2 protein chains.
Amino acid sequence: MGGDHGPSVCVEGAVQAILESPREFQVILVGDEPKLREALATHSLNGSRIDVCHAPDVIQMHEPASEGMRRKDSSIRVAMRLLKDGVGSAVVSVGNTGAVMAAGLADLGRLAGVSRPAIASRFPTVNGASLMLDVGANPVCKVQNFVEFAVMGSVFVEGVTGKERPRVALLSIGEEPSKGTDLTLAAHQTLSDLPLNFIGNIEGRDVLTGRADVIVCDGFVGNIVLKFAESLRGFLETSVRRQISSNKFSHLGAILMGPFLRRMRGTFDYAEYGGAPLLGLDGLCMICHGASSAKAIKNAIWATSASVEHHVKDRMVEALANLRSVGAHA
Amino acid sequence: MGGDHGPSVCVEGAVQAILESPREFQVILVGDEPKLREALATHSLNGSRIDVCHAPDVIQMHEPASEGMRRKDSSIRVAMRLLKDGVGSAVVSVGNTGAVMAAGLADLGRLAGVSRPAIASRFPTVNGASLMLDVGANPVCKVQNFVEFAVMGSVFVEGVTGKERPRVALLSIGEEPSKGTDLTLAAHQTLSDLPLNFIGNIEGRDVLTGRADVIVCDGFVGNIVLKFAESLRGFLETSVRRQISSNKFSHLGAILMGPFLRRMRGTFDYAEYGGAPLLGLDGLCMICHGASSAKAIKNAIWATSASVEHHVKDRMVEALANLRSVGAHA
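Residues numbered from 1 in each chain as written. Chains lettered and ligands numbered in written order. Predicted model: local features only at pLDDT ≥ 70, side-chain atom pairs only at ≥ 80, totals over all residues.

*Asks:* Help me out: how do you make sense of the relation of the copies chain A and chain B in this one?
*Replies:* Turning one copy of the chain about an axis and sliding it along that axis gives the other copy, so a rotation and a shift relate them. Placing chain A over chain B gives an RMSD of 0.0 Å and needs a rotation angle of 180 degrees, together with 0.0 Å of translation along the axis. Each copy turns onto its partner about a two-fold axis. No C-alpha of chain A lies nearer the rotation axis than that of glycine 253 of chain A, which sits 1.9 Å from it. Both copies present the same face, since 100% of the interface residues in chain A are matched by interface residues at the equivalent positions in chain B. (Least-squares fit on C-alpha atoms with pLDDT ≥ 70 in both. Contact = placed C-beta atoms within 7 Å.)

*Asks:* Teacher, can you tell me more about the interface of chain A and chain B here?
*Replies:* The partner chain B presents 37 residues to the 37 residues of chain A that form the contact. Among the elements that line the side of chain A that touches chain B, the one with the most residues is helix α8 (residues 219-246) of chain A, at 14 residues. Broken down by class, the residue content of the side of chain A that touches chain B amounts to 21 nonpolar, 12 polar and 4 charged. (Helix = DSSP H or I, 4+ residues; strand = E, 2+ residues; numbered from the N terminus. Nonpolar A, V, L, I, M, F, W, Y, C, P; charged D, E, K, R; others polar.)

*Asks:* Where do I start with the sheet that holds strand β9 (residues 276-279) of chain A in this structure?
*Replies:* Each strand in a sheet pairs with its neighbour through backbone hydrogen bonds, running either in the same direction (parallel) or in the opposite one (antiparallel). Residues and elements named next belong to chain A. Judged by pairing direction, the sheet is mixed, and its 8 strands sit side by side in the order β3-β10-β9-β4-β5-β8-β6-β7 without closing on themselves. In the strand order of this sheet, the two ends are held by β3 (90-93) and β7 (198-202), each with one partner. If you compare each strand with its neighbour and ignore which way they point, the axes differ by 25 degrees on average. Looking at chain direction, β9 and strand β10 (residues 284-287) are connected through 3 bridges and run antiparallel. If you follow leucine 278 over to β10, its bridge partner there is cysteine 285. (Pairing = 2+ DSSP bridges. Axes fitted to C-alpha atoms, helices over the stretch in contact; angles between N-to-C directions.)

*Asks:* Explain the environment of serine 74 of chain B to me, please; I cannot follow it from the model alone.
*Replies:* All names here are of chain B. By the element assignment, serine 74 lies in the loop between α3 (65-69) and α4 (75-84). Spatially, the C-alpha atom of serine 74 lies 32 Å from that of proline 22, the residues being 52 residues apart in sequence. Once you skip the residues sitting within four places of it in the chain, serine 74 turns out to touch Ala55, Asp57, Val58, Ile59 and Gly68.

*Asks:* Help me out: how do you make sense of the nonpolar core in this one?
*Replies:* Within soluble globular proteins, side chains that are nonpolar generally end up buried alongside one another. Val216 of chain A together with Val216 of chain B are the most contacted members of the largest nonpolar core, which totals 209 residues. Not counting chain neighbours up to four residues away, the residues in contact with valine 216 of chain A comprise Leu133, Phe146, Phe149, Ala150, Gly153, Val168, Leu170 and Leu171 of chain A. (Core = buried A, V, L, I, M, F, W, Y, C linked by C-beta atoms within 7 Å. Buried ≥ 20, exposed ≤ 12 C-beta atoms within 10 Å, placed from the backbone.)

*Asks:* I keep staring at helix α2 (residues 33-41) of chain A and nothing clicks. Help me out?
*Replies:* Working note: α-helix, 3.6 residues per turn, so residues spaced by three or four point in the same direction. Residues and elements named next belong to chain A. Among the residues of α2, those classed as buried are Leu36, Ala39 and Leu40. The buried residues of α2 occupy one face: seen down the axis, they fall within an arc of 100 degrees. Along α2, the residues that are exposed and aim more than 90 degrees away from the buried face are Pro34 and Ala41. Against α1 (7-20), β1 (27-31) and β2 (50-54) lie the buried residues of α2. (Arc of directions from axis to C-beta.)

*Asks:* How should the packing of helix α6 (residues 143-161) of chain A against helix α11 (residues 294-309) of chain A be read in this particular structure?
*Replies:* When two helices pack together, their arrangement is captured by the angle between the axes and the distance separating the axes. Residue and element names in this part refer to chain A. Taken N-terminus to C-terminus, the directions of α6 and α11 make an angle of 105 degrees; their axes are 8 Å apart at the nearest point. Classified by the interaxial angle, the pair formed by α6 and α11 is roughly perpendicular. Between α6 and α11, the residues in contact are Phe156, Gly159 and Val160 and Ala303, Ala306 and Ser307, respectively. For the contact of α6 with α11, the residue count by class is 4 nonpolar, 2 polar and no charged. (Parallel < 35°, antiparallel > 145°, perpendicular 65-115°, else oblique.)

*Asks:* It is not clear to me how the pairing of strand β1 (residues 27-31) of chain B should be interpreted in this structure. Could you clarify?
*Replies:* Two faces make up the sheet, and in a regular strand the side chains alternate between them. Residues and elements named next belong to chain B. Judged by how many residues are buried, β1 sits mostly within the fold: 4 of 5 residues are covered. The pairing of β1 with strand β2 (residues 50-54) spans 5 bridges and is parallel. Bridge assignment links valine 30 to a residue of β2, and that residue is cysteine 53.

*Asks:* Help me understand the sheet that holds strand β3 (residues 90-93) of chain B, please; the structure alone is not making it clear to me.
*Replies:* Residue and element names in this part refer to chain B. Within the open sheet, the 8 strands sit side by side as β3-β10-β9-β4-β5-β8-β6-β7. Their pairing is mixed. If you trace the sheet from one side to the other, it starts and ends with β3 and β7 (198-202), each paired once. Along the sheet, successive strands turn relative to each other by an average axial angle of 25 degrees, direction set aside. Judged from the 5 bridges that link them, strand β4 (residues 118-124) and strand β5 (residues 129-133) form a sheet pairing that is antiparallel. By the bridge assignment for β5, alanine 120 is matched with leucine 133. Sheet strands touched by helix α6 (residues 143-161): β4, β5, β6 (168-171), β8 (214-216) and β9 (276-279). Its angle to β8, the strand with the most contacts, is close to 165 degrees. Across the face of the sheet, helix α7 (residues 182-192) comes into contact with β6 and β7 while running at roughly 170 degrees to β6.

*Asks:* Is there a simple way to explain α7 of chain B in this structure?
*Replies:* If you check which residues of α7 of chain B are buried, you get Leu183, Thr184, Ala187, His188, Thr190 and Leu191 of chain B. Those residues of α7 of chain B that are buried are in contact with α6, β6 and β7 of chain B.

*Asks:* What should I look at first to understand the packing of helix α4 (residues 75-84) of chain A against helix α5 (residues 97-107) of chain A in this one?
*Replies:* All names here are of chain A. Contact pair α4 / α5: the axes reach a minimum separation of 9 Å and the direction vectors enclose 40 degrees. Considering the angle they form, α4 stands oblique to α5. When you trace α4 past α5, the crossing you get is right-handed. Touching Ile76, Arg77, Met80, Arg81 and Lys84 of α4 are Ala99, Val100, Ala103, Gly104 and Asp107, all from α5. Along the lines of polarity and charge, the residues of the contact of α4 with α5 split into 5 nonpolar, 1 polar and 4 charged. (Left-handed = near helix turned anticlockwise from the far one by under 90°.)

*Asks:* Sorry if this is basic, but what is going on with unusual backbone geometry here?
*Replies:* Across the chain, the bulk of peptide bonds are trans and the bulk of non-glycine residues have phi less than zero. Omega for the peptide link from leucine 133 of chain A to aspartate 134 of chain A comes to 5 degrees, which places this bond in the cis form. Within the secondary structure, aspartate 134 of chain A sits in the loop between β5 (129-133) and α6. Positive phi, normally seen in glycine, also occurs at arginine 165 of chain A, with a value near 45 degrees. Among the secondary structure elements, arginine 165 of chain A is positioned in the loop between α6 and β6 (168-171). Residue classification places arginine 165 of chain A among the exposed positions, given that 12 C-beta atoms sit within 10 Å. Even without being glycine, histidine 311 of chain B reaches a positive phi, approximately 50 degrees. With respect to the secondary-structure elements, histidine 311 of chain B resides in the loop between α11 (294-309) and α12 (312-325). According to the C-beta neighbour criterion, histidine 311 of chain B is partly exposed, with 13 such atoms within 10 Å.

Here it is, written out as structure tokens:
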């Protein structure tokens, strides 16, 4: 357990998640036990719903995942083993994404029917949010990966948001099925034949319009679009700051529009979203941004708890097996 | 000559370009002559700097380029032939990008040393702008294409902005040379060895920070990032509109911040930018957004005029030949 703000923010998020949720679930805090106990002591919470498991080591954010993986007493590896052993039902981490994926692959393995797990990310839309995957685990993909992303994304969105038959789209450079690369052309054809609510290609301009609930792409383009979107908050902040320092009317305007401007920044603040699910591991894992607030961690725990409650993992296995049985999936 | 607003906006942009520029250049308006003469009659301009060339047909925005290309009396094909014949020095179009590229390839051909021309697009940054290429002409690229994009982008930015040794970056999913796909890894290596100011990989988060003057990528990812960025204006507008209709303080704030909010929307209004150069054709071509304002057309004409004045085309040929002579380019 780490993150940019240290364990106290994670502990606060976990406590909020428990206190504010109508759902019944328990949280096991995995990390340096004395520090976690100290952070926990500042909250008044019935001890039966929160526990601590000691893991003295942390894989640092910028440490290569392969090196960190060698240390089996790191918090992420201990957490994965708790999940593997059935002590926990899901893992939420504020850690190094590469290390969480590597630990998940090593300790949990892949879900039946999944060739490559993916990192999914929530994008804000004018009416809510959409889920894009992959955003970085698989820079180079095959059609089969896209099929798996589509199925996993669809099951996840249905499980967490309750939306039936989420609209699945393929990110490309034109809406026509004939637009794109050989890979997206073939993927379009295959996705069209699947028992999914596939709405076809969407372009970059449609990511924020909410036309699709699940957006499928390779991890190269997905990561670039995600990082570009993440940078918008800083870009807007710099622009607003310059303006209000140069003009007193603008300064007053900014005060009056304060809640809105904060919300606009929040819209593109990926540290506030509550986690990116790793889909395709044999266990539910959610990664939060290193700079996550307690609220973001609370939201991530809730989304993870909803995934567990709705048997998202089992449903993914079933949906993937179903594809194989109709011969739509290698 | 077309565009979403018809010829009058184009004519107005051309007239402004002539009247407001200290540079001496002439404009030939290519399109339906009676309509152009009518639009021109509303302006008081010395006729010696503007002329009209009749081209009765227009390739529509959503017409497949291949079909439009058959009609040789379309305005874009007539304009390309004027350029080919040396009557004009550059073409500025508000037309269908695919059709302009196809007409350029058919009537002008490729520049010596260029295997595939690219569409370049300006991105706003916190301090100015950067040029990204390719943004759609080449969804699938080879290392050689990236080398050509880097050289052409660098020469273009130097010619138009006067900035010496523009910083060239490769768009990827990590700053380390080892991050990316096989293609970007190989391109990184090759670009490092060229006589360019290559600063290495940048991530999606760096597009708007101004770290690079020229951003090289394939046309698939470039197009998706461009379209995503183009959609931000609508996203911001919808968000501001909702807020000010729901809260009177916000309404007042929005009035006080009016100039700023307009500028923010303008920042992501790609119709205001003054054109995306097609680089790698044997002739200078600039494409403006179909919804371009007269000001955007004026800016596009100025940028094109600067490219002509700074011999951008000849410099590109020279720079590409120089690479071949040092063996860095196939």
